[in-house]
Every structure is written in C-alpha cells, then in structure tokens.
Amino acid sequence: MKPFRDKRRDSRSPSKGGMEQPRRRDANPTAGPETKPQGRSEQKAAPRPLSRRDGALPAEHLPLILEVGANQDYALLDSGTGEKLEQYGPYRIVRPEGQAIWQKALPARDWERADAIFTGDTDEEGIGRWRFPKTPLGETWPMKHDGIDYLGRFTSFRHVGVFPEQASHWDHMAGLIAAAKRPVKVLNLFGYTGLASLVAARAGAEVTHVDASKKAIGWARENQEMAGLSQRPIRWIVDDAVKFAEREERRGSRYDIILFDPPAYGRGPKGEVWHLFEDLPALTDICRAILTPKPLAVVLTAYSIRASFFAIHALMRDTFAGMGGTVESGELIIREKSAGRALSTSLFSRWVA
C-alpha cells in the first residue's frame, strides 16, 4: 500500500516526492491540474535536450489492469455518490471519491459505523478536517502491509499514509529483486512515506528514497523503525527529485529499478517548478540514463492528469527504444468488497527488461 497523498483530488501540504506541493490523489485519474500555489516565483532550469532514440521499440502489453482486493490489512468496503468506505486495520474510514458516481451498495447503517470521516472543514485545527463519530482517535495508529508494520495517520489533506493500489507494483518489484539473485539498487523518486522503499529493502535491495518533504521523510523513518528494518540499507534524502536525478547522472550513479510517481504540479524545496506534461519527458529520459547496464524495471505512476494511459505508454516506449524488454501500461484499480465494482485510482506505465 502506498504512501501523504490523496491520490488525486485534494491538496496536500507535504507532497509525496520531489515536489513540496499539493497533489490530488483521490479523484478521477484524468482530473484537471491542481490549483497553482501562490508565493515564490517560478524557477525553471534550461530544458534538457531531447531527441528521439534509435532502435526498435520495446514490446508492449496493454491494457494491463492491476487489481488489489480486500485483505486482512485493507479493504474497500463500499463506494458511491462521491464517497468511499474503507477498512484500514481496525478502523472504518469515509473519504471523498470523485470517481464513485454510482450508488452505494451497502445500507446506511454500515456507513454510519465509520470510525473517522474526512470533512474537509477548514476552520478546525490540528488533525481537524476529520470527524470521529465514536471515540476521538489519535493522529496515528499502527497498520500493516504484507507483514510490514507502519503508521497510518489522519492528515489534514485526506491522506492516511498508504495507497493500497500500489501493492501490485510493490509485489512485482519484490519478485524482480528476489529473482535477480544479485545485489539490486532501487531508486524511489517522490518516495513519500516509504512503503515501497521498505518492501524493496525487505526483499534485499539497497534503496535510495527521495522526497522534498522533510515531514514525509520523518514519517518514512518512523515506518522503518516500526517495520524492524532499521538495519536495511536505505538512504533517506530530502531533495527535489529532478535535481537529485540530474546529479546522479553527472555522478555516474546507477540503479537497477527506478520508481517515480510525480505530481501533476509541484514545487521543489528551492522553488523549482514541476508541470507533468512539460517535465515528464525529461525526467523519464534521465531515468533511462541512470540505469545500470543490466537494469530490471522502471515504473511510472501518474495521478490527476487529463490523459489516457496510451500517452505515458507511448512516452515510455519511445524513451526505452533500443533496450528491448516490454512496456506494460494500464490502470491500477481496487476491487470493492460490497458489489465487486472496480475503482480506478491511477494510470501507470512500466518498462520491464
């Protein structure tokens, strides 16, 4: 399950990843761009020179629908009329969900049993914005993902610290690391609260985790302690994801697996500005440049964009031309427990050697 973002709809303070900006994560994956924050002037570096690469395009597999169903740690219990009812460990949580345009399947009494409801009220302080119909709850609570302990957290921007649909990517990555039977280096850009990094470290990889938010990195370190993985090799780096990747290219640092999950719009810690459609091609190109001679995979997830997965699919195939392998693209979905409906959460495209 993945990490502070409400995958699509709502603004967040500490962004997940290389841009310290709001990201909308719980709405339509083709939702429009986020409201542009006010304040610092925009800083744009000279664009990276890009040209179409020679060589055959990788094979393709699409559409690929990666599905997460209910388990002992998480379940999408029901959804409808713009909301979703989820089970996170011991708690039932109600949050807005713009894609749930159908009717709720469970009766009202099941929804009324919720332990926490995100209200979005702006006049409340602290964890505010949440209503606790039963007993007032603390800011954090213990959770698990596939045996990995971590902290759930009621944030003021709708997130709870994990993105369940990402479990499909994590399981795939862990399988690649185990099958490699050699040392594997993983780079997690826009790494957020660290669940992907912990999965990779537990599987035996050496991990570099990058996020522009000090708060997110602090939370990720807490999760590492809770998971009992403090001795695993994870570098926690507070930095702008793009700037860090550019420096890694100049330094000659190389990785076998790269995960990147950029926001639709964001700012780095020094005012760097990110626009997904403007800047994604260059970052994807950098990701190719910092792969090892025998790489395993590059995984791109895209939330809150007005696009089909065919757009990022074509970008990934062009970028990895001449490298062989396969580009797999589609959507991440969560299968609802009540009526079996599929809730789409994001688009993705991944190159696999």
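For the structure, see preceding data.
All residue numbers refer to position in the chain's written sequence, counted from 1. Note on the predicted model: pLDDT of at least 70 is required for a residue's local features to be given, and 80 or more for side-chain atom pairs to be given and counted; whole-chain, interface and lining totals, by contrast, use all residues. In computing side-chain values, all of the structure's heavy atoms are included and hydrogens and water are not.

## Focus on the overall build of the protein chain
For the purposes of this entry, the term helix denotes a DSSP run of H or I that reaches at least four residues, the term strand denotes a run of E that reaches at least two, and both are numbered from the N terminus. Within the protein chain, the regular secondary structure consists of seven helices and 19 strands. Across the 353 residues in the protein chain, those meeting the buried criterion constitute 58%. Methods summary: accessible areas were calculated by the Shrake-Rupley approach with a probe of 1.4 Å, and residue burial reflects only the protein chains presented. With an accessible surface of roughly 14100 Å², the protein chain has 50% of that area assigned to carbon and sulfur atoms. Exposed residues in this analysis have more than 50% of their type's maximum accessible area, buried residues have under 20%, and partly exposed residues fall in between, with area computed by a 1.4 Å probe over protein chains only.

## Side note on helix α4 (residues 214-226)
Two residues of an α-helix separated by three or four positions point the same way, owing to the 3.6 residues in each turn. A rise of 1.5 Å per residue sets the reference length of α4, with its 13 residues, at 18 Å; its end C-alpha atoms lie 18 Å apart and thus fit the reference within 8%. For α4, every residue scored as buried is listed here: A216, I217, W219, A220, N223 and Q224. Along the long axis of α4, the arc covered by the buried residues comes to 160 degrees, so they all point the same way. More than 90 degrees from the buried face of α4, the exposed residues found are K214, K215 and E225. An expected span of 1.5 Å times one less than the residue number is assigned to each helix. Note: the arc covers the axis-to-C-beta directions of the helix.

## Examining helix α3 (residues 195-202)
Counting buried positions over the eight residues of α3 gives seven, a clear majority of the element. Positive phi shows up at G204, right after α3, with a value of about 115 degrees.

## Concerning the pattern of salt bridges
The term salt bridge refers to a pairing of a side-chain nitrogen on Lys or Arg with a carboxyl oxygen on Asp or Glu at a separation within 4 Å. One pass over the full model with this rule turns up 22 salt bridges. Between E249 and R48 there is a salt bridge whose closest N-O contact spans 2.9 Å. Of this pair, E249 sits in helix α5 (residues 241-251) while R48 sits in the loop between β2 (24-25) and β3 (59-68), placing them 201 residues apart in sequence. Accessibility expressed as a relative area gives 25% for E249, which makes it partly exposed. Taking the relative accessible area as the measure of exposure, R48 reaches 25% and is therefore partly exposed. A salt bridge links R153 to E222, with the shortest nitrogen-to-oxygen separation between them at 3.6 Å. Of the two residues, R153 is situated in strand β10 (residues 148-153) and E222 in helix α4; the sequence distance between them amounts to 69 residues. When its relative accessible area of 11% is taken as the criterion, R153 is described as buried.

## So, the packing of aromatic side chains
What counts as a ring pair is set by centres within 6.5 Å for rings of Phe, Tyr and Trp (its six-membered ring), and what kind of pair is set by the plane angle: stacked under 30 degrees, edge-to-face over 60, tilted for all other angles. Counted under the stated rule, the structure contains 12 aromatic pairs. Ring geometry for Y91 and F154: centres 6.5 Å apart, planes at 40 degrees, overall tilted. Taken together, the residues Y91 in strand β6 (residues 91-96) and F154 in the loop between β10 and α2 (167-180) connect sequence positions 63 residues apart. Aromatic ring contacts, followed pair by pair, group Y91, F118, W130, F132, W141 and F154 into a single cluster. By definition, being over a ring means that NZ of Lys or CZ of Arg is both within 6 Å of the ring centre and within 35 degrees of the ring normal. Stacked on the ring of W111, the Lys or Arg K104 has its end atom at 4.0 Å from the ring centre. Directly above the aromatic system of Y255 lies the positively charged group of K185, at a separation of 5.2 Å from the ring centroid.

## A word on the nonpolar core
Note on soluble globular proteins: their nonpolar side chains tend to be buried together. To form a nonpolar core, buried Ala, Val, Leu, Ile, Met, Phe, Trp, Tyr and Cys residues must be joined to one another through side-chain atoms within 4.5 Å. Of all hydrophobic cores here, the largest spans 45 residues; its most connected members are V186 and I257. For this core, the leading source of residues is α3, giving six residues. Residues are treated as being in contact if the distance between any of their heavy atoms lies within 4.5 Å. Each residue touching V186, except ones within four places of it in the same chain, is listed here: M173, I177, A200, A205, E206, V207, T208, Y255 and I257. F244, L300, L315 and V327 belong to the second largest nonpolar core, which has 33 residues in total.

## Some thoughts on the packing of helix α6 (residues 276-289) against helix α7 (residues 309-319)
Axis definition: a line fit to C-alpha positions, over the contact stretch in the case of helices; interaxial angles, taken between N-to-C directions, run 0 to 180 degrees. Between α6 and α7, whose axes approach to 10 Å, the crossing angle comes to 40 degrees. What the angle tells us is that α6 and α7 run oblique. Remark: the crossing between α6 and α7 carries right-handed chirality. Together, L280, P281, T284, D285 and R288 of α6 and I312, L315, M316 and T319 of α7 make up the contact between the two elements. Considering only residue class, the contact of α6 with α7 consists of five nonpolar, two polar and two charged. Just so you know how the angles are binned, under 35 degrees is roughly parallel, over 145 roughly antiparallel, 65 to 115 roughly perpendicular, and the rest oblique. In this scheme the crossing of two helices becomes right-handed for a clockwise turn of the near helix relative to the far one and left-handed for an anticlockwise turn of less than a right angle. Residues were grouped as follows: Ala, Val, Leu, Ile, Met, Phe, Trp, Tyr, Cys and Pro as nonpolar; Asp, Glu, Lys and Arg as charged; and all remaining residues, including Gly, as polar.

## Remarks on the pairing of strand β11 (residues 185-189)
Consecutive side chains along a regular strand alternate between the two faces of the sheet. Within β11, four of the five residues are buried, which leaves the element mostly enclosed by the surrounding structure. For β11 and strand β12 (residues 206-211), the ladder comprises five bridges, and the chain directions are parallel. Counterpart to N188 in the pairing with β12 is H209. If the strands point away from the viewer and the path from the first strand over the helix to the second runs clockwise, then the crossover is right-handed. On the question of chirality, the crossover connecting β11 to the parallel β12 by way of α3 is right-handed. Think of it this way: DSSP has to see at least two bridges between two strands before they count as a pair.

Honestly, that's just the spatial picture; any functional story needs more than this.
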